[in-house]
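# Summary of structural features
Next come the chains, spelled out residue by residue.
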Amino acid sequence: MDEAARKARHERLREADHRHLWHPFTQMRDWLREEPIIVDSAEGVFLVDTLGNRYLDGVSSLWCNVHGHRVPEIDAAVRAQLDRVAHSTLLGLASTASIECAEAIAAIVPRGLTRVFFSDAGATAVEIALKMAFQHHALRGDPGRKEFVALRGGYHGDTLGAVSLGGIDLFHRIFKPLLFDVHHAPQPYCYRCPLAKRWPECGMACADEVERIFASRPGKIAALVLEPLMQGADGMIAQPPGYLRRMRELCDRHGALLVCDEVATGFGRTGTLWAVEQEGVVPDILTMAKGITGGYLPLAATVTTERVFESFLGPYEDKTTFFHGHTYAGNPLACAAATASIRLLRDGGVIEGLPAKVAALSRALAPAERLPHVGEVRQRGLMVGIELVRDRTTKEEYAYALRAGHQVVLEARRLGALLRPLGNVVVLMPPLAMTEAQLAELAALTLASIEKATARI
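Quick look at the structure, then. Keep in mind that this is a model prediction, so the values were computed, not measured.

Reading the values: the criteria
Residues numbered from 1 in each chain as written. Predicted model: local features only at pLDDT ≥ 70, side-chain atom pairs only at ≥ 80, totals over all residues. Heavy atoms only, no water. Helix = DSSP H or I, 4+ residues; strand = E, 2+ residues; numbered from the N terminus. Contact = heavy atoms within 4.5 Å. Phe/Tyr/Trp six-rings, centres within 6.5 Å; stacked < 30°, edge-to-face > 60°. Buried < 20%, exposed > 50% of the residue type's maximum accessible area, 1.4 Å probe, protein only. Pairing = 2+ DSSP bridges. Axes fitted to C-alpha atoms, helices over the stretch in contact; angles between N-to-C directions.

## Some thoughts on the environment of Arg-245
Inspection of the secondary structure assignment puts Arg-245 in helix α10 (residues 243–254). Placed 33 residues apart in sequence, Arg-245 and Gln-278 show a C-alpha to C-alpha distance of 9.5 Å. Here Arg-245 is in contact with Glu-279, Gly-280 and Val-281, once residues within four sequence places are set aside.

Pasting the structure below:
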């Protein structure tokens, strides 16, 4: 395609986008004024737009790409499945692809998690976990356990149950009249502690607050739901060491379930296959999505212990069935992609190669400590949040209207990297497939973009 034809095609697509598409989490008035990047193809860890520009995929196409784009093994698995069947229901039927995928998942989750319930998005996986936890206690003869505990700053998806759990006012406040009540505990945000404490002298006071909620509601809490190690959508808020372990012990003492939402943190993002591994925790329910198919197709899973599963077994007439399901649950194409991706994770040395990559990214980000408008760099594995501040000494924040994070993202695009802001936090979550050299390049482009953008804000 010659340059003139390329530009004409881009312009046609841009006009159609502005005429028809409503983009998620996007102020459309601003979008309609800006020149969009229209992704047209991909290769490895690069995305290519309609004008032929190449960009490092610095956020894994919204935290889901694992092995890079156009991976031969996953491509082949999806093509082979197309020759068999693209979709069949799991309601009253089984399917080869979903059985093999469930078997692959069960082989890699923490020991004790055995039962896989498929859906199609992280939010649906969490909705399922909520309903399972509630019904589990009711079927066990403990119907008083109807309440849930979650963390401020949490994000679990955009369906109403998941939003009820969520604790990000910017996203969730407007929907409050539609939500059910949840006990929200202070988030473990050490850089801006909501309790005005200082780690580690505080003795993990934020965990004490969760204890107080449980103590005040004896026999009422069905489950504690949290993102282990790192709260993603609120700006990569890293939990202090030992926090997750305390939450597991707390749930055990009070007879509540622990639900770990690994939609963002799973599949190697924190440096281990599952974030919970780093504190030796096995949740009662684990949710996953995003990276499950390597970033190819929509799929999610809610994985439980045998004890939770057995609560739902009983005579047909007792109606103990879990009456929940999604049309595309266990879609064969998505399951085939997931099985191939898991095989690469398991046999391709991906997880074993992460420590060196994590260290390389950490070294490349070290110069951020000298930038006057970087308050903190939070890193767990290949999950990174760089918090921008107007004044490093006072931790003064940039006003929301300045769109500081967005300004950095625009600079990064000009330099050849795609990032995403979360308010004043610039997020990096590269594919696990990035080489150490590519990670260093991504970090350098990010820091250069921060310097340039903050110099003019």
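So that's the structure; there's more coming.
## Quick look at the packing of aromatic side chains
For the structure on display, the rule yields seven aromatic pairs. Arranged with centres 6.4 Å apart and planes meeting at 50°, the rings of Phe-148 and Phe-180 form a pair that is tilted. Pair noted here: Phe-148 is in strand β5 (residues 147–151) and Phe-180 is in the loop between α8 (169–172) and β6 (183–185), with a separation of 32 residues, a long-range link. By relative accessible area, which is 37% here, Phe-180 ends up partly exposed. With 6.1 Å between their ring centres and 80° between their planes, Tyr-155 and Phe-171 make a pair best called edge-to-face. Here Phe-171 lies in helix α8 and Tyr-155 lies in the loop between β5 and α7 (160–165), a separation of 16 residues in the sequence.

## As for the sheet that holds strand β7 (residues 221–226)
The seven strands are arranged β4-β12-β11-β10-β7-β5-β6 in an open sheet whose pairing can be described as mixed. The sheet is open, and its two edges are formed by β4 (113–119) and β6, each paired on a single side. When strand polarity is set aside, the average angle formed by the axes of neighbouring strands in this sheet is 20°. Relative to strand β10 (residues 257–261), β7 is paired through four bridges, and the arrangement is parallel.

## Notes on the sheet that holds strand β3 (residues 54–57)
To summarise the sheet geometry, strands pair through backbone hydrogen bonds and adopt either a parallel or an antiparallel arrangement. One open sheet accounts for four strands, arranged β1-β2-β3-β15; its pairing is mixed. Here the strands that pair on one side only, and so sit at the sheet edges, are β1 (39–43) and β15 (417–418). Across three bridges, the pairing between strand β2 (residues 46–49) and β3 is antiparallel. When the sheet's bridge partners are listed, Leu-47 is paired in β3 with Tyr-55. Set on the sheet, helix α15 (residues 436–456) makes contact with β2, β3 and β15; between it and β3 the angle comes to about 100°.

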